[in-house]
Amino acid sequence: MKRLFWVGVGVAIGVGATRKVNQVTQRATPAGVGASLGEGLRELGAGLGAFGAEVRAGMTEREQELYSLVEDTTEIPVRPQPFVETTPSGRHARASRRGAAGR
């Protein structure tokens, strides 16, 4: 029974070692290196995007705090009004790309 136990332990260690060696050799191939590099760049891009979103959110929050502070202190409304550009008819000034003949 002891021998059967040790044979089982040896087989388990052999299978584990073989899988680990195969993973390492796969990562060492050009395709494996490219996949690892691509995954790393995707993670970096996602991290930078999240960082940018956090910075923008913080800037907006701080801007609102400063507007409130100035308005409370001076009692003068200082928040900028949204800018909307329209023509006198209320339509966009740019002509369509197709032109009159395309319709």
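Described in the following lines is the structure provided in the data block. Because the structure is a prediction, the values reported are computed rather than measured.

About the thresholds
- Residues numbered from 1 in each chain as written.
- Predicted model: local features only at pLDDT ≥ 70, side-chain atom pairs only at ≥ 80, totals over all residues.
- Heavy atoms only, no water.
- Helix = DSSP H or I, 4+ residues; strand = E, 2+ residues; numbered from the N terminus.
- Buried < 20%, exposed > 50% of the residue type's maximum accessible area, 1.4 Å probe, protein only.
- Areas by Shrake-Rupley, 256 points an atom, 1.4 Å probe, with all protein chains shown as cover.
- Axes fitted to C-alpha atoms, helices over the stretch in contact; angles between N-to-C directions.
- Parallel < 35°, antiparallel > 145°, perpendicular 65-115°, else oblique.
- Contact = heavy atoms within 4.5 Å.
- Nonpolar A, V, L, I, M, F, W, Y, C, P; charged D, E, K, R; others polar.
- Salt bridge = Lys/Arg side-chain N within 4 Å of Asp/Glu carboxyl O.

1. What about the overall build of the protein chain?
Reasoning step 1: Within the protein chain, the regular secondary structure consists of two helices and zero strands.
Reasoning step 2: Considering the protein chain as a whole, with its 103 residues, one finds that 5% of them fall into the buried category.
Reasoning step 3: Surface exposure of the protein chain reaches about 9,600 Å², of which carbon and sulfur atoms provide 63%.

2. Some remarks on the side chain of Glu71
Reasoning step 1: Within the secondary structure, Glu71 sits in helix α2 (residues 30-74).
Reasoning step 2: For Glu71, a relative accessible area of 19% corresponds to the buried category.

3. A short note on the packing of helix α1 (residues 2-28) against α2
Reasoning step 1: Running from N to C, α1 and α2 point in directions that differ by 80°, and their axes come no closer than 4 Å. Comparing their axes, α2 and α1 come out roughly perpendicular. Contact residues: α1 offers Gln26, Arg27 and Ala28, while α2 offers Pro30, Gly32 and Val33.
Reasoning step 2: Looking at the contact of α1 with α2 residue by residue, the class counts come to three nonpolar, two polar and one charged.

4. Examining the pattern of salt bridges
Reasoning step 1: What the rule picks out here adds up to two salt bridges.
Reasoning step 2: Of the charged contacts, one joins Glu65 and Arg62 as a salt bridge, the two residues approaching to 3.2 Å between their closest N and O atoms. With Glu65 and Arg62 both in helix α2 and three residues apart, this pair spans about one turn of that helix.
Reasoning step 3: Assessed through its relative accessible area of 40%, Glu65 is described here as partly exposed.
Reasoning step 4: In this structure, Glu71 and Arg79 form a salt bridge, with 3.2 Å as the shortest nitrogen-oxygen distance.
Reasoning step 5: For Arg79, a relative accessible area of 33% gives the class partly exposed.

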